[in-house]
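So you can see what is in the structure, the chains are spelled out below.
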Amino acid sequence: MNSLLKDTEIKARASQLSGWTVEGDKLRCTRKFQDFIAAIDFVNKLVAPSEAAAHHPDIEISYNKVTVNLTTHDAGGLTEKDFALAKEISSLK
């Protein structure tokens, strides 16, 4: 099982991620796209890195906006897994 990160570790890791915020026990990022098709294309790009990490985000889609929430449910909060996947998601165009 993954170990929960301490608040100081969470703040340090979050400061290295552009476009992500810490909200409670979740990392959150919202991206806006040209249209619904582009938003869905981005969601489809999340599949490979999520499967490779065996870590799956909670995703909200609202027309051209996609919100990605990461948390390690079985650990009850944020772990290194969340920050590693957030970094990969940040690199997706």
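Residues numbered from 1 in each chain as written. Predicted model: local features only at pLDDT ≥ 70, side-chain atom pairs only at ≥ 80, totals over all residues. Heavy atoms only, no water.

Per an unreviewed UniProt entry, the protein chain goes by Putative pterin-4-alpha-carbinolamine dehydratase and derives from Microcoleus anatoxicus PTRS2.

Draft legend 1. Structural detail: the overall build of the protein chain. Check the secondary structure of the protein chain and you find four helices and four strands. Helices and strands in the protein chain line up, N terminus first, as α-β-β-α-α-β-β-α. Relative to a compact globule of 93 residues, whose C-alpha radius of gyration would be 12 Å, the protein chain shows 13 Å and is just as compact. Seen through its principal axes, the protein chain has C-alpha atoms that stretch 40 × 25 × 20 Å. Of the contacts made within the protein chain by residues no fewer than 6 positions apart, 66% connect residues no fewer than 24 positions apart. Accessible surface for the protein chain amounts to roughly 5,700 Å². Of this, 52% is attributable to carbon and sulfur atoms. When the 12 positive and 13 negative side-chain charges of the protein chain are each reduced to one mean point, those points stand 6 Å apart. (Helix = DSSP H or I, 4+ residues; strand = E, 2+ residues; numbered from the N terminus. Rg over C-alpha atoms; globule rule 2.2 N^0.38 Å. Contact = heavy atoms within 4.5 Å. Areas by Shrake-Rupley, 256 points an atom, 1.4 Å probe, with all protein chains shown as cover. Lys, Arg positive; Asp, Glu negative; His and termini not counted. Charge placed at Lys NZ, Arg CZ, Asp CG, Glu CD.)

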